[in-house]
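Coordinate inspection notes
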Amino acid sequence: MTRAGDLSLTHSCSAVPEGPADYSADPSGAANLDPDRREALTLAVADLMPAVLADLDALARIPSISSAAFDAAPVAASAAAVARLLTQEGLITQVVSAGGHPAVIGRLDGPQGAPRVLLYAHHDVQPASDDGWDTPPFEPTRRGDRLYGRGIADDKAGVLAHVAAIRAHRRLDTGLPVSVIVFVEGEEETGSATLPALLAEHREALDCDVIVLADSMNWSVGTPALTTMLRGLVQAVVTVRALHHGVHSGMFGGPVPDAVTAMCRLLSRLHHPDGTVAVPGLIASDDATFDYPEAALRLDGAVPDEVSLLGTGSLVSRLWTKPAVTVTGIDVPDVAHAVNVLQPACRAMVSLRIAPAQDPQSAFDALAEHLRADPPWGVAVDVEMADLAPGFEVVRSGPYVEAARTSFTDAWGVPPVDIGVGGSIPFVAEFAERFPGAAILVTGVEDPDTRAHGSNERLHVGEFQRACLAEALLLERFGGLAP
C-alpha cells in the first residue's frame, strides 16, 4: 500500500480526483449536526492533541513486531498498553487470544437503542532494521509536520484515532452518542492467522451495526478518502531444481544448466514485454473513475523519469482492478558469497495481486499452471501456496457511509474521494463474512508519503488531527441514525 514521493509535489490540485457529488443533499439527515456541537468537538480534539500525541509516542516505543522470528513479549506489552488506554477512557476492556498474539476488546455502552459501532485497528508492527532510517525506528522523532517511527502510522495512529474520538466526546461530559466496541488486533502484519477464531469466539461481544476499519490511507495530504476497493493476494514459493548437486561452473558450464539461470528465464514469463501480466485466466477491468496523472504516480512511486511504467490502460486500473505480479525474494548466494558453482536449486517468492472479484484459489491455480508449463531446459518446477487473501469491494452508499462522507468533509474542508488500494487487507473480508449486516467503512491516517513497512515511516500530524476529528464527528452523526 505504500507509495513514496516528495509530498510537497504529490497530487497537485489538478491531480485531485473528482470525488462523489454534492453531499449536502444527504438523504439520511446525517449532515444535520448542530453547528455548536461540531465546533465543540473540533475544539476538544485540538485541545487533546498534545496528550494524544504523547500517548502515541509511548505506544510506538514498544517494538511490537508480530513476526515469528521476534520476541513475543513486546507484542504482549503493546496489548497491555492499549488496554490501559481504553480503560482510562471508561471502556470495559479485556486482552484476548486464540493461540496467537493478543488482541484487545473494549466496550463502552451509549444510550439505549443507539447504534453499535465497532472500531478496528492493530497494534502489531513490521520489523525495522536500522538500515535506511534517519532516526532510531522505535524512538519516535518529530521533524516538521511529521512524526517518524516504526508503527507510528501503521497502525498505532489508527489506535489513537479511536482513543481521541472517544476522549473528545468524554471531554464534553455528554457521553457517547453510540455504543462503541474497540477491537485492536495483534497479528495483522503477519496475516491475521487467528482473527477468524477471535471473531467466532467473541461474536456476541463484537456484534455491531457499523464497522470502522482504520488501517488504510487518504488520497493526499489535504484530500481525505474512503477505501472502497481492495485487491486480493496470492503468494507462492517457486522452486527450481536443475541438478542433483552443485558442480564447478568452469568445468561443466556450457552444456549443464543451473537453477538460478533457469529461474530467471521462468520468472521472465510472468510479464509480456510491455509489463502486462502474462498469466492466463486472471480477471482484469479498466476502472477509470478518475485520473491519476503519470507525473504524480512517478513521484508517489519513486519512479525515475527514464524508467517505463508497466502495463496498459488507466493508471488507477493498473493499481486497483488489474493483476500485478512481483518477485519479492530469491534464495541464491549473494554477491559477497558467490562461488564458481552451478547452483542445483533455487527458490523465489512470487506475489500476485488480483482484481477484487477474482477468486484467490483460481488465481493461484492459474499462476501455478503457467509456471509449471514447459519448464526451461526441462528443469523441475514446484509451486507451493504461501498465502491467499480475497479482495473486497465495499458498499459505497447508505446512511452510515453518507454520515462518514459529511464528517470527513467537515474535518478536511473538502469532500472525500472513493479510492481503491492495490494492497490487500484480508481482515476486511473476514469482518464482512462474520458480520454481514454491518455497514463497513475503511478509513485511515496514512498518505502517499507515509512509507509504511519501509524505512523512515512517518505520520503527518495535521492529517492525523483531521482523522481524529472526522471520527469524533462521525460518531456523533451515527448517534442520530437508527441501528
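In this text the structure is predicted, and so the values were computed from the model without any measurement.

How each quantity is defined
- Residues numbered from 1 in each chain as written.
- Predicted model: local features only at pLDDT ≥ 70, side-chain atom pairs only at ≥ 80, totals over all residues.
- Heavy atoms only, no water.
- Helix = DSSP H or I, 4+ residues; strand = E, 2+ residues; numbered from the N terminus.
- Polar contact = N/O pair within 3.5 Å; in protein donor to acceptor, adjacent residues only side chain to side chain.
- Contact = heavy atoms within 4.5 Å.
- Pairing = 2+ DSSP bridges.
- Axes fitted to C-alpha atoms, helices over the stretch in contact; angles between N-to-C directions.
- Core = buried A, V, L, I, M, F, W, Y, C linked by side-chain atoms within 4.5 Å.
- Buried < 20%, exposed > 50% of the residue type's maximum accessible area, 1.4 Å probe, protein only.
- Parallel < 35°, antiparallel > 145°, perpendicular 65-115°, else oblique.
- Left-handed = near helix turned anticlockwise from the far one by under 90°.
- Nonpolar A, V, L, I, M, F, W, Y, C, P; charged D, E, K, R; others polar.
- Salt bridge = Lys/Arg side-chain N within 4 Å of Asp/Glu carboxyl O.
- Patch = residues over 30% accessible without salt bridge, like charges linked within 9 Å, V, L, I, M, F, W, Y side chains within 5 Å.
- Areas by Shrake-Rupley, 256 points an atom, 1.4 Å probe, with all protein chains shown as cover.
- Disulfide = S-S within 2.5 Å.
- Phe/Tyr/Trp six-rings, centres within 6.5 Å; stacked < 30°, edge-to-face > 60°.

Another point: the side chain of Glu463. Looking at where Glu463 falls in the secondary structure, it is placed in helix 13 (residues 461-478). One polar contact links the side chain of Glu463 to the main-chain amide nitrogen of Gly222, over a distance of 3.3 Å. Once residues within four sequence positions are removed from consideration, Glu463 is found in contact with Asn218, Ser220, Val221, Gly222 and Trp412.

This paragraph deals with the sheet that holds strand 14 (residues 380-389). If you walk across this open sheet you meet the 4 strands as 11-13-9-14, and the pairing is antiparallel. With partners counted over all chains shown, the strands left at the sheet margins are strand 11 (324-331) and strand 14, one partner each. Neighbour to neighbour, the strand axes of the sheet diverge by 20 degrees on average, direction disregarded. Strand direction decides the pairing type here: strand 11 and strand 13 (residues 345-354), joined by 7 bridges, are antiparallel. Paired with Gly329 across the bridge in strand 13 is Met349. Packed on one face of the sheet, helix 7 (residues 259-267) meets strand 9 (232-241), strand 11, strand 13 and strand 14 and runs near 20 degrees to strand 13.

Let us look at the environment of Asp387. Secondary-structure assignment places Asp387 in strand 14. In sequence terms Asp387 and Ala236 are 151 residues apart; their C-alpha atoms lie 7.0 Å from each other. The contacts of Asp387, once residues within four sequence positions are left out, are Leu233, Val234 and Gln235.

We now examine the nonpolar core. Among the nonpolar cores identified, the biggest contains 66 residues, and Leu56, Leu160, Phe464 and Phe478 are the most heavily contacted of them. Broken down by element, the residue count for this core peaks at 11 residues, all from helix 13. Setting aside residues up to four positions removed in sequence, Phe478 forms contacts with Pro115, Val117, Val178, Val210, Val212, Tyr400, Ala403, Ala404 and Leu441. Residues Ile105, Trp219, Val428 and Ile440 belong to the second largest nonpolar core, which totals 41 residues.

Between helix 11 (residues 399-412) and helix 13, the least distance of the axes is 8 Å, while the angle of their chain directions is 140 degrees. As far as their axial angle goes, helix 13 and helix 11 are oblique. Remark: the crossing between helix 11 and helix 13 carries right-handed chirality. Where helix 11 abuts helix 13, its residues Tyr400, Ala403, Ala404, Thr406, Ser407, Phe408, Asp410, Ala411 and Trp412 lie against Glu463, Arg466, Ala467, Leu469, Ala470, Leu473, Leu474, Arg477 and Phe478. Residues belonging to the contact of helix 11 with helix 13 are distributed by class as follows: 12 nonpolar, 2 polar and 4 charged.

Evaluation of the coordinates by the stated rule reveals 22 salt bridges. The salt bridge involving Asp410 is made with Arg38; its shortest N-O contact spans 3.6 Å. Residue Asp410 is located in helix 11, and its partner Arg38 is located in helix 1 (residues 35-60); the two are separated by 372 residues in the primary sequence. Asp410 sits in the partly exposed class, given a relative accessible area of 28%. The partner of Arg107 in a salt bridge is Asp109, and the shortest N-O contact between them spans 2.8 Å. We classify Arg107 as partly exposed; its relative accessible area is 27%. Asp109 gets classed as exposed once you look at its relative accessible area, which sits at 53%. The network of salt bridges with shared partners includes Asp55, Glu89, Arg167 and Arg170.

Glancing now at a nonpolar patch on the surface. Together, Val327, Ile330 and Val332 make up a nonpolar patch on the protein surface, roughly 200 Å² of accessible area in all. With relative accessibility at 34%, the residue Val327 sits in the partly exposed group.

Turning our eyes to something else, we now look at the state of the cysteines. In the structure shown here, the tally under the stated rule is 0 disulfides. Free cysteine: Cys264, not disulfide-bonded; nearest cysteine sulfur from Cys346 at 7.2 Å. Take Cys264: its relative accessible area is 46%, and that puts it in the partly exposed class.

The next point concerns the packing of aromatic side chains. Aromatic rings in a pair are described by how distant their centres are and how their planes are angled relative to each other. Enumeration according to the criterion identifies 9 aromatic pairs in this entry. For the ring pair Phe408 and Trp412, a centre distance of 5.4 Å and an interplane angle of 20 degrees mean the geometry is stacked. One end of the pair is Phe408 and the other is Trp412, both in helix 11 and 4 residues apart, which spans about a single turn. Judged by its relative accessible area of 4%, Phe408 is buried. A centroid spacing of 6.4 Å and a plane angle of 90 degrees characterise the contact between Phe427 and Phe431, whose relative ring orientation is edge-to-face. You can see Phe427 and its partner Phe431 sitting in helix 12 (residues 426-434), 4 residues apart, about one turn around the helix. Judged on exposure class, the residue Phe427 and its partner Phe431 are both buried. Put simply, the rings of Tyr120, Phe183, Phe427, Phe431 and Phe435 pair up and form one aromatic cluster.

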